[in-house]
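Read off the chains here:
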Amino acid sequence: MMHEKMFIAGKWVESETGDTFKVINPATEEVFAEVPLATPNDVERAIAAADGAFTDWSALTPFERGRYLRKASSTILERSKEIAKLMTMEQGKPLAEAEGEVKKGADILRYYAEEGERVYGRIIANAEVDMESMVIYQPIGVAAAISPWNYPIELLAWKVGGALASGCTLVAKLPSETPLSPLAFIKCVVDAGIPAGVLNAVTGPGSVIGAILTAHPLVKKVAFTGSTEVGKGVLKSTADTLKKVSLELGGSLPMVICSDCDMDAAVAGAVRRSFRNMGQICIAINRIYVSQDIYEEFIERFAEATEKLVIGNGLTDDPCDLGPMCTSSGLEKTMSHIKDAVGKGAKIVCGGKRPSGEKFEKGYFFEPTILRDVDHSMLVMNEETFGPLVGVMPFKNLEEAVKLADDTKYGLAAIVFTQDISTARRLSHLIEAGNIAINNVDAGVINAPYGGWKDSGFGVEHGPEGLYEYLHIKHIRLRYI
Ligand code: NAD
């Protein structure tokens, strides 16, 4: 069985009690690794180390900090295959996707190394002679990163890149379901020679460790990615110490398909973004609204393409489009959403069950599932399933499409397929979400801001805006004498 350590104050360490917790392979349900179960004292030590390292790290020029991040980025690329294997074993996604994510982690650190060099201030004219205002940005201090298991490296890399490039030091609380690939990622940064205390990584239950980080007076910024429910608790727990907080929370992504769409592209996009990573993506498609004149055609073609997806063990099966879900609770939630919808009159177009055959006897496998004849009384249309399930519903006109798209508490992202530029503009302006993808299904790119509206949170990651989340603004008023 593999055994990994966590990283505190420049050292790879066990928890102070020596206790560990286990990591499961969701494709086989076997326990294959264990990692330290951090105690509150371990977390205190990590915060103290980050606080102690802040003065020197923040005093480096962004060019010097960037050199560490670029080196770490190269090391991640060199180790991408071995790190990807760990990710597939703990998370379930096919190996090629895991390797793609690791490489993205490397890109993110390189991007922030460069963006850190582009933090500019401003000089502002004053009304009086010989007076001038200067605006500068300074790192906030110790930051805490809390991230989930669906993209174990990418979501962590957004925070490591932003925090370290801006001059903050960091304590990262790694996801309990998938701590191994993030630890291997952290090791690449450590091996780049990052000074002790600048980056710390702890493993253990979010309700204990996370809660210490979010309430601690020495932590000045919390970057949280996770569910809306936990995110709201995080915000409450930061209130007493008035931290800067960014919350990247849950979503219920609507895809609007207009009658003038490129149908081939819409079908391919719907398959990819509904079921990739088994729908365990904050911007996975949950709901599809199709113009009523092409509803039947779309459903038929969508189901046909979905049934071609190959399910398997992402580590050993090739080709493999879909691995298992990451957790048994996620599988249960998906099945409960299907049961709820069918009970209220929805029809299963494809999927709706676990795949049959000897190789699926163990593991959290499930067939990608399309529901039709759905309405907004059903959980699939108003709650985040976070599984391989999508509901498809017709709409009569654009007003109705917008109304339906906005009819949830979430506002993370939306997708629109139309070949009419005015429709594209109208829908992208009207739909209440932080990210809109038109005629494509990837609403996030690293150099443009990414964040949610409504119950999908606030604050952004990616882009220069993602870096400014780790910076204080300061106005200096200067009289020249
Ligand atoms: P979760 O909210 O249960 O956990 C997220 C992280 O918070 C984990 O590391 C967990 O250990 C930690 N945590 C748990 N309790 C805590 C507490 N009391 N204080 C501090 N930290 C605590 O979410 P999950 O099930 O791991 O992840 C899935 C959710 O994440 C989905 O809702 C998904 O939409 C969301 N997500 C959002 C984005 C985005 O960018 N908006 C990206 C990926 C995932």
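Residues numbered from 1 in each chain as written. Predicted model: local features only at pLDDT ≥ 70, side-chain atom pairs only at ≥ 80, totals over all residues. Heavy atoms only, no water.

Per an unreviewed UniProt entry, the recorded name for the protein is 3-sulfolactaldehyde dehydrogenase, and the organism is Mahella australiensis. Quoted verbatim from the Sequence similarities (unreviewed entry) field of UniProt, the annotation for the protein is "Belongs to the aldehyde dehydrogenase family." (UniProt positions renumbered as here; feature names shortened; annotations may be inferred.)

Attention now goes to the nonpolar core. L164, I288, F298 and F302 are the most contacted members of the largest nonpolar core, which totals 122 residues. Split by domain, the residues of this core number at least three in each of domain 1 (2–249 + 456–477) and domain 2 (253–445). Excluding residues within four positions of it along the chain, F298 makes contact with I257, M263, A266, V267, A270, I288, V290 and V392. By size, the runner-up hydrophobic cluster in this structure holds 23 residues, among which are M6, V43, I146 and V245. (Core = buried A, V, L, I, M, F, W, Y, C linked by side-chain atoms within 4.5 Å. Buried < 20%, exposed > 50% of the residue type's maximum accessible area, 1.4 Å probe, protein only. Domains from an automatic or database assignment. Contact = heavy atoms within 4.5 Å.)

To continue, consider the sheet that holds strand β20 (residues 435–438). Read from one edge to the other, the open sheet built from seven strands follows the order β15-β16-β17-β14-β13-β19-β20, with strand pairing classed as mixed. The open sheet is flanked by β15 (347–350) and β20, the only strands paired with a single partner. Pairs of neighbouring strands in the sheet enclose a mean axial angle of 25 degrees, with direction left out of account. Two elements, strand β16 (residues 369–372) and strand β17 (residues 389–395), share four bridges in a ladder whose sense is parallel. (Pairing = 2+ DSSP bridges. Helix = DSSP H or I, 4+ residues; strand = E, 2+ residues; numbered from the N terminus. Axes fitted to C-alpha atoms, helices over the stretch in contact; angles between N-to-C directions.)

The next thing to look at is the packing of aromatic side chains. With the rule as written, the count across this model stands at nine aromatic pairs. Ring centres 4.7 Å apart and planes at 50 degrees place the aromatic pair F7 and W12 in the tilted group. For W12, a relative accessible area of 29% puts it in the partly exposed group. Grouped by ring-pair contacts, the aromatic residues F275, F298 and F302 constitute a single cluster. Over the ring of Y151 we find K93, and its NZ or CZ is 3.7 Å from the ring centre. Sitting over the face of the ring of Y470, K221 holds its NZ or CZ atom 4.9 Å from the ring centroid. (Phe/Tyr/Trp six-rings, centres within 6.5 Å; stacked < 30°, edge-to-face > 60°. Lys NZ or Arg CZ within 6 Å of the ring centre and 35° of its normal.)

Take the site of the ligand next. Among the 25 residues in the neighbourhood of the ligand, the closest are listed as S147, S227, L249, C282 and E384. L249 places a polar main-chain atom, nitrogen or oxygen, 2.8 Å from a nitrogen atom of the ligand. For the ligand, an oxygen atom lies 2.5 Å from a polar atom in the side chain of E384. Burial of the ligand by the protein chains amounts to 85% of its free accessible area of 850 Å². Within the residue set of the shell around the ligand, elements represented by two or more residues are α7 (206–215), β11 (219–225) and α8 (228–238). Take the shell around the ligand: its biggest share by element is four residues, from α7. Among the residues forming the shell around the ligand, the class breakdown is 13 nonpolar, nine polar and three charged. A domain split of the shell around the ligand shows at least three residues from each of domain 1 (2–249 + 456–477) and domain 2 (253–445). (Near = heavy atom within 4 Å. Polar contact = N/O pair within 3.5 Å; in protein donor to acceptor, adjacent residues only side chain to side chain. Areas by Shrake-Rupley, 256 points an atom, 1.4 Å probe, with all protein chains shown as cover. Nonpolar A, V, L, I, M, F, W, Y, C, P; charged D, E, K, R; others polar.)

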